[in-house]
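This is what each chain is made of:
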Amino acid sequence: MRRKKPPIVTTEDRTLFRDAVADVRRLDFPAPENQRVPPAPIPHQRLQDEQRVMQESMAPFSLDEETLDTGDALSFRRAEVPPTVMRKLRRGQYAVQAELDLHGLTVVAAANALSTFLHACQARGLRTLRIIHGKGNGSAA
């Protein structure tokens, strides 16, 4: 596609334009007094998501068969926690501040005990916890 060439402006064109706008002067208008500032938007969806996450984190655990039978080690690291912290945890380089043994408990009893334990540790400001669990083979679901 070809570009159009700009029009050629002659000295006579410039003179005619200046003469035409010679009497023009700038008008200064005061700013409108009743100009409303719109309110900041309310992030309804984000607030609902945060509330849902809070409710789910405070609710008793819901363990299904798929979660119990993974056979793999499950771990999670928040983005603000450096990978070195996880490595040191696996190596046992942090002192355990509290411990919970879930051996012999049913799934429901273990979930309740874990929830109570985590809430109590959080209230006490404990950060390094050990949770001893089994595979559920000997419990009566």
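Our subject is the structure that appears above.
First, a word on what this report is: a plain description of the structure on this page.

1. Notes on the pattern of salt bridges
Inference 1: For the structure shown, the criterion picks out 4 salt bridges.
Inference 2: In this structure, Arg26 engages Asp28 in a salt bridge whose closest nitrogen and oxygen atoms are separated by 3.4 Å.
Inference 3: Relative accessible area serves as the criterion here: at 74%, Arg26 is assigned to the exposed category.
Inference 4: Ionic pairing is found between Glu99 and Arg130, a salt bridge with its closest N-O pair at 3.0 Å. With Glu99 in strand β1 (residues 98-101) and Arg130 in strand β2 (residues 129-132), this residue pair connects regions lying 31 residues apart in the sequence.

2. Description of a nonpolar patch on the surface
Inference 1: There is a patch of nonpolar side chains on the surface, built from Phe17, Val21 and Val24 and spanning about 300 Å² of accessible area.
Inference 2: Within the element layout of this structure, Val24 appears in the loop between α1 (11-20) and α2 (44-58).
Inference 3: A relative accessible area of 61% places Val24 in the exposed class.

3. What about the pairing of β1?
Inference 1: Side-chain alternation along β1 places Ala98 and Leu100 on a buried face and Glu99 and Asp101 on a face that remains uncovered.
Inference 2: With 4 bridges joining them, β1 and β2 adopt parallel strand pairing. Paired with Asp101 across the two strands is Ile132, which belongs to β2.
Inference 3: Read from β1 through helix α5 (residues 107-124) to β2, the crossover connection turns out right-handed.

4. Focus on the nonpolar core
Inference 1: Ala98, Leu100, Leu102, Ala110, Leu114, Phe117, Cys121 and Leu126 together form the largest nonpolar core, which totals 8 residues.
Inference 2: Residue assignment for this core shows that the elements contributing at least two residues are β1 and α5.

5. Focus on the side chain of Thr128
Inference 1: Along the polypeptide, Thr128 turns up in the loop between α5 and β2.
Inference 2: Excluding residues within four positions of it along the chain, Thr128 makes contact with Leu89, Tyr94, Ala95, Val96, Gln97 and Ala98.

6. Thoughts on a positive patch on the surface
Inference 1: A contiguous patch of positive charge, built from Arg87, Lys88, Arg90 and Arg91, is present on the exposed surface.
Inference 2: Considering the arrangement of structural elements, one finds Lys88 in helix α4 (residues 83-91).
Inference 3: The exposure class of Lys88 is partly exposed, given its relative accessible area of 38%.

About the criteria used
- The residue numbers shown here count from 1 along each chain, following its written sequence.
- Local features in a predicted model are, by the rule used here, given only for residues with pLDDT of at least 70; side-chain atom pairs are given and counted only at 80 or more, and totals for whole chains, interfaces and linings are based on all residues.
- The basis for the side-chain values is all heavy atoms of the structure; hydrogens and waters are excluded.
- Whenever a carboxyl oxygen of Asp or Glu lies within 4 Å of a side-chain nitrogen of Lys or Arg, that contact is scored as a salt bridge.
- Working definition: with a 1.4 Å probe on protein chains only, accessible area under 20% of the residue-type maximum means buried, over 50% means exposed, and in between means partly exposed.
- Here a helix means four or more residues in a row that DSSP labels H or I, a strand means two or more in a row labelled E, and each is numbered from the N terminus.
- A patch consists of residues exposed above 30% relative accessible area that lack any salt bridge, with like charges linked at up to 9 Å and nonpolar side chains (Val, Leu, Ile, Met, Phe, Trp, Tyr) linked at up to 5 Å.
- Where accessible areas are quoted, they stem from the Shrake-Rupley method and a 1.4 Å probe; at the residue level, only the protein chains shown are allowed to cover.
- Note: two strands are recorded as paired if DSSP finds a minimum of 2 bridges between them.
- Seen with its strands pointing away from the viewer, a crossover is right-handed when the path leading from the first strand over the helix to the second is clockwise.
- The term nonpolar core refers to a set of buried residues drawn from Ala, Val, Leu, Ile, Met, Phe, Trp, Tyr and Cys, joined through side-chain atoms within 4.5 Å.
- It only takes one pair of heavy atoms within 4.5 Å for two residues to be counted as in contact.
- Working convention for charge: Lys and Arg count positive, Asp and Glu count negative, and His plus the chain ends are omitted.
- Every charge is mapped onto a representative atom, which is NZ of Lys, CZ of Arg, CG of Asp or CD of Glu.

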